[in-house]
Amino acid sequence: MMALSKVVSNEVPKLKLNNGRMMPAIALGTYLGFDKNGVVKSQNKQFRDVIMNAIDIGYRHIDTAYIYETEEEIGEAIRMKIDEGVINRDDMFVTTKIWNTFHKREQVPMVLKKSLDKMGLTYVDLYLMHWPMALNEDYTFSDVDFMETWRGMEDAQNLGLVKSLGVSNFNAEQLKRVIEEGTIKPVAIEIEVHPQNIQKDMIENASSEGLVVMGYSPLGSLVSRYGVQSPGPKMDDPVLVEIAKKYNKTTPQVVLRWLVDRNVVPVSKSVNLERLKENISIFDFKLEEQEIEKINQFDGHIRYTFPTFWQTHPYYPFEKVDNPINDPFIKTYK
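Quantities reported herein were computed from a predicted structural model and do not represent experimental measurements.

Asks: Describe the pairing of strand 10 (residues 162-168), and please don't skip the residues or the numbers.
Replies: A large share of strand 10 lies buried, amounting to 6 of its 7 residues. Two strands pair when backbone bridges link them, and strand 9 (residues 124-129) and strand 10 are joined in this way by 5 bridges, in the parallel orientation. Across the sheet, residue M129 finds its bridge partner in strand 10, namely V167. Taking the sense of rotation as the criterion, the β-α-β connection linking strand 9, helix 4 (residues 146-158) and strand 10 turns out right-handed. In the sheet, strand 10 pairs with strand 11 (residues 188-192) via 3 bridges, with the strands oriented parallel. Residue pairing across strands places V167 opposite I189, the latter belonging to strand 11. After leaving strand 10, the chain enters helix 5 (residues 172-181) and then returns to the sheet as strand 11, a path that is right-handed.

This is the structure in structure tokens:
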């Protein structure tokens, strides 16, 4: 069980990492998604304003990545709030991720410096390897071992560019290798966690090694993705509605609290002010064990982030399928 301590900001607890640093127990996700033109980009500083609102509401953990193309506006928002006297840099926990095309050891500190330059910051709090698979610039497969990338990340920490290191979308065997072969232990792993993919084994495995688990896509089938409704529990699911009524909360709040009560940091995403407020207002109640179990019953091992177009890569972390989807990155970036 991770130690919790209260912070002033909207009563968001903090988790103690295995290196002694503290991570706020909910993060704001900043991936704006994909459309036919590639990565969706913010227009007219709209996303910067979302981040500024989020900071005012009480968010202190921002989760981004090189590939999201949101680092610049996130950094601008943080710097503006520092200038306003709302926060100090130390109040914020910034997570970003290295993309697959920069996996060579010597590339890692260089590309992190690029991220820092975009954000106008001198360090990030957490640097994650976004995926274990290395790719060449043209998105063909590279044979760079993820342990080479990890050594580059260790170099970046030794240079003072980052306070803590972790991985994302790794399987248990890959995580074990990083822990055993690395010289700096990861503090966190970010994986997809929601009621249809409860990740019981992975969470137990990571926790036993003293890692904090961050969960992306935390609402699962409750929300539509790219305008498409997925099978699974929705906002009006009777099991979730019953629990929500008991605590005078919404069903999304119940699901986010379900993650928190399993020692998972939800990486929740919204650009809507009221939804931002709703998502962070989950620290004034706690689910009972049998309620957690009821939600666990939705598990179907369903992934919404399932890049089967990479499944022939030697370091692909997930199960393979018969009909992989076409690689959107080749189309977008070639």
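Asks: Break down the pattern of salt bridges for me, with residues and values.
Replies: Enumeration over the complete set of coordinates arrives at 23 salt bridges. Put simply, D125 and R89 hold a salt bridge, and the shortest N to O gap is 2.9 Å. Of the two residues, D125 sits in strand 9 while R89 sits in the loop between helix 2 (71-83) and strand 8 (93-98), which places them 36 residues apart along the sequence. In terms of burial, D125 and R89 fall into one category: buried.

Asks: Just give me the short version of the sheet that holds strand 9, but keep the residues and values in it.
Replies: What the 8 strands build is a closed barrel, ordered 4-7-8-9-10-11-12-13; its pairing is parallel. Across this sheet, the average inter-strand angle for adjacent strands is 30 degrees, counted without regard to direction. Pairing of strand 4 (residues 27-29) with strand 13 (residues 264-268) involves 2 bridges; the strand directions are parallel. Bridge assignment links L28 to a residue of strand 13, and that residue is S268. The sheet strands contacting helix 3 (residues 107-119) are strand 8, strand 9 and strand 10, and the helix crosses strand 9 at an angle near 135 degrees. Packing of helix 6 (residues 200-208) onto the sheet brings it into contact with strand 11, strand 12 (212-216) and strand 13, and relative to strand 11 it is tilted by some 175 degrees.

Scoring rules and cut-offs
Residues numbered from 1 in each chain as written. Predicted model: local features only at pLDDT ≥ 70, side-chain atom pairs only at ≥ 80, totals over all residues. Heavy atoms only, no water. Buried < 20%, exposed > 50% of the residue type's maximum accessible area, 1.4 Å probe, protein only. Helix = DSSP H or I, 4+ residues; strand = E, 2+ residues; numbered from the N terminus. Pairing = 2+ DSSP bridges. Right-handed = clockwise from strand over helix to strand, strands pointing away. Salt bridge = Lys/Arg side-chain N within 4 Å of Asp/Glu carboxyl O. Axes fitted to C-alpha atoms, helices over the stretch in contact; angles between N-to-C directions. Contact = heavy atoms within 4.5 Å.

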